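Report on the structure
Residue strings, one per chain:
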Amino acid sequence: QVQLVESGGGLVQPGGSLSLSCVVSGSISNINAMGWYRQAPGKQREAVAAIRKSGSTYYADSVKGRFTISRDNAKNTVYLQMNSLKPEDAAVYFCNANWGNAGTLTWGQGTQVTVSS
């Protein structure tokens, strides 16, 4: 009942910036929180940033001060602005929605972020 499509990944140089987008459709009013996760080769998927219905946000310590999660309700879109990118930020980034009374999780297909000179 909630569908996610993320985009915006690509190749960027260290120190550069990139913006990811996640377009949400379906039962938008039932979403409790939206988040961004990432997974590098051989590593577990980790939470990067999240925003609750109230607007409160969460950031992993590794990205605080560099990444910003935001939303545009009129466009049904959640964004992840990534600045001062480091090689260790390279990963597949996934959009996630927590929705409904049971906290059902829905994932996007992922978008590749490569940080290389």
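Everything here concerns the structure above.
Described below are features of the structure shown in this document. The numbering scheme is per chain: residues are counted from 1 as the chain's sequence reads. Only residues with pLDDT of at least 70 are given local features in this predicted model, and only at 80 or more are side-chain atom pairs given and counted; all residues enter the totals for whole chains, interfaces and linings. Water and hydrogen atoms play no part in the side-chain values, which are based on all heavy atoms of the structure.

**Side note on the environment of G9**
We apply this condition: Only DSSP runs of H or I with at least four residues qualify as helices, and only runs of E with at least two residues qualify as strands; both kinds are numbered from the N terminus onward. When checking whether two residues touch, look at their non-hydrogen atoms; a contact exists if any pair is within 4.5 Å.
With respect to the element layout, G9 can be found in the loop between β1 (2–7) and β2 (10–12). Considered as a pair, G9 and V92 are 83 residues apart in the sequence and their alpha carbons are 8.4 Å apart. Contacts of G9, omitting those with residues within four sequence positions, involve L18, L20, T111, Q112 and V113.

**Let's talk about the nonpolar core**
For soluble globular proteins, nonpolar side chains are generally found buried alongside one another. For clarity, the threshold we go by: We define a nonpolar core as any set of buried Ala, Val, Leu, Ile, Met, Phe, Trp, Tyr and Cys residues linked to one another through side-chain atoms lying within 4.5 Å. When accessible area is computed with a 1.4 Å probe and restricted to protein chains, residues below 20% of their type maximum are described as buried, those above 50% as exposed, and intermediate ones as partly exposed.
Core analysis: the largest hydrophobic core is formed by 29 residues, its most contacted members being M34, W36, L80, M82 and Y93. Secondary structure elements with two or more residues in this core: β1, β3 (18–26), β4 (31–39), β5 (46–52), β7 (67–72), β8 (77–82), β9 (91–99) and β11 (111–115). In terms of residue count, the dominant contributor to this core is β9 (5 residues). Not counting the four nearest positions on each side in its chain, M34 is found in contact with L4, C22, V24, A49, A50, I51, I69, V78, C95, N96 and A97.

**Structural notes on the pairing of β9**
If a strand is regular, its side chains alternate between the two faces of the sheet. Put simply, the rule is: Two strands are counted as paired when DSSP detects at least two bridges linking them.
Counting buried positions along β9 gives 7 out of 9 residues, so the element sits mostly inside the fold. Of the strand pairs in this sheet, β4 and β9 are connected by 8 bridges, and their pairing is antiparallel. Across the sheet, the residue bridging to G35 is N96, located in β9. Where β9 meets β11, 3 bridges bridge the pair, whose relative direction is antiparallel. Within β11, the position partnered with Y93 by the bridge is T111. Where β9 meets strand β10 (residues 104–107), 4 bridges bridge the pair, whose relative direction is antiparallel. What sits directly across from N96, in β10, is W107. The turn joining β9 and β10, which pair antiparallel and follow one another in sequence, is formed by 4 residues; a positive phi near 80 degrees is taken by G100.

**What to know about the state of the cysteines**
Put simply, the rule reads: Our working definition of a disulfide is a cysteine sulfur pair at a distance within 2.5 Å.
The full count for this structure, using the stated rule, is 1 disulfide. Put simply, C22 and C95 are joined by a disulfide, and their sulfur atoms are 2.0 Å apart. Between C22 and C95 the disulfide shows an S-S torsion of about -85 degrees. By sign, it is left-handed. Of this pair, C22 sits in strand β3 while C95 sits in strand β9; the two residues are 73 residues apart in sequence, bridging distant segments of the chain. This pair shows no difference in class: C22 is buried, exactly as C95 is.

**As for the pattern of salt bridges**
What counts is decided by this rule: By definition here, a salt bridge exists when the distance from a side-chain nitrogen of Lys or Arg to a carboxyl oxygen of Asp or Glu is within 4 Å.
Taken as a whole and assessed by the stated rule, the structure comprises 4 salt bridges. We note a salt bridge from E46 to R38, for which the minimum N-O separation is 2.8 Å. A salt bridge links K64 to D61; its shortest N-O distance comes to 3.1 Å. When salt bridges that share partners are traced, they join R38, E46, R66 and D89 into one network.

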